[in-house]
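Now for the letters of each chain:
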Amino acid sequence: MNVDIWSDIACPWCFIGKRRFEKALSEFPHRDRVSVTWHSYQLDPTLPDHYDGTELEYLSQRKGMPAERVAQMFDHVTQVAAGEGLAYDFGRVAVANSFSAHELLHLAKAKDAAGGTDTSRGTDARGGTTADAVKEALLSAHFEHGEDIGARDVLVRIGTEAGLDADEINAALDAGTYRDSVRADIAQAQAIGIQGVPFFVLDNKYGVSGAQPAELFTQALETAWREAHPLVMVGQPAAGADGSVDPDGLNGEVCGPEGCV
């Protein structure tokens, strides 16, 4: 079973949703047979490479949100994130366009595919592939450490720590090797009606929008798995002329709420 996840590195709910999904997946009995594919999405593709201002200033000035409301939102999201083990620090967030970071993610996905990396998450719901490691590091760098996800040195460091080659990272970013891949992800999101992230698609059929509780992700995983792997009942052998099947008179009798028959 595959789970496709659309998210933006600049989206605080995407990191929270990632943690909640990981919790559900870690407890899913068939997690060894679940693969995860990360897809790109941009909340603000018009953002310059580097915005000269704070996250609060960006949302209040560029998006027209009252500063007091933005501050309250930051407090709320920070508390929710803490409940998932994440240490958000909106005061240190470096506002930057996330496109180059998405290019790095696609480079990581390409390396996984070329190397035959198993994209199933196994017993650990985190860090199963190079793409997983890059996605995790980008989100943490942005929301927990105040690093500039648009800065080349930050991207190279994150990529090399995940096992990518520095020269290959620089070459891919310089040439724009994965720009079309990022745009294709965004176009696909629009085509299937995604209007916000995170957004999870299970086996190309079941959609989950937002950073839902882990319990809902568990329910979605179980539902998708049951449909993909339906229980097939084994029928009884044909009965003889006298209606009997088993020479000992045992024909699959069962017990129910009303007794045994």
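Everything discussed here concerns the structure shown above.
(A) The arrangement of the sheet that holds strand β3 (residues 199-202) in detail. Pairing within the open sheet is mixed, and its four strands lie in the order β2-β1-β3-β4. Edge positions in the sheet fall to β2 (35-40) and β4 (206-209), since each has one partner strand and no second. Averaged over all neighbouring strand pairs, the angle between strand axes comes to 20°, with direction disregarded. One ladder, built from four bridges, connects strand β1 (residues 2-7) with β3; its direction is antiparallel. What sits directly across from W6, in β3, is F199.

(B) Focus on the side chain of D112. By the element assignment, D112 lies in helix α4 (residues 99-114). There is a polar contact of 3.0 Å between the side chain of D112 and the side chain of T130.

(C) Expanded view of the nonpolar core. Within the largest apolar cluster, 62 residues are counted, with the highest numbers of intra-cluster contacts made by F21, Y88, L104 and L221. When neighbours within four sequence positions are excluded, L104 is seen to be in contact with V134, L138, L155, I158, G159, L164, I169 and L173. C11, Y41, I194 and V197 belong to the second largest nonpolar core, which has nine residues in total.

(D) Quick peek at the packing of helix α1 (residues 12-26) against helix α3 (residues 67-83). Direction vectors running N to C along α1 and α3 enclose 20°, while the axes themselves pass 10 Å from each other. When the interaxial angle is binned, α1 and α3 end up roughly parallel. Both α1 and α3 take part in a crossing whose hand is left-handed. Here α1 contributes P12, W13, I16 and R20 to the contact with α3, which in turn contributes H76, V77, V80 and A81. Of the residues contributing to the contact of α1 with α3, the split by class is six nonpolar, one polar and one charged.

(E) Fine view of the pairing of β3. Of the two faces of β3, the one lined by F199 and V201 and the one lined by F200 and L202 are each fully buried. Bridge count for β3 against β4 is four bridges, and the pairing is antiparallel. Bridge pairing in β4 places L202 opposite Y206. Between β3 and β4, which pair antiparallel one after the other, the connecting turn spans three residues, and D203 there sits at a positive phi close to 50°.

What counts and how
- Residues numbered from 1 in each chain as written.
- Predicted model: local features only at pLDDT ≥ 70, side-chain atom pairs only at ≥ 80, totals over all residues.
- Heavy atoms only, no water.
- Pairing = 2+ DSSP bridges.
- Helix = DSSP H or I, 4+ residues; strand = E, 2+ residues; numbered from the N terminus.
- Axes fitted to C-alpha atoms, helices over the stretch in contact; angles between N-to-C directions.
- Polar contact = N/O pair within 3.5 Å; in protein donor to acceptor, adjacent residues only side chain to side chain.
- Core = buried A, V, L, I, M, F, W, Y, C linked by side-chain atoms within 4.5 Å.
- Buried < 20%, exposed > 50% of the residue type's maximum accessible area, 1.4 Å probe, protein only.
- Contact = heavy atoms within 4.5 Å.
- Parallel < 35°, antiparallel > 145°, perpendicular 65-115°, else oblique.
- Left-handed = near helix turned anticlockwise from the far one by under 90°.
- Nonpolar A, V, L, I, M, F, W, Y, C, P; charged D, E, K, R; others polar.

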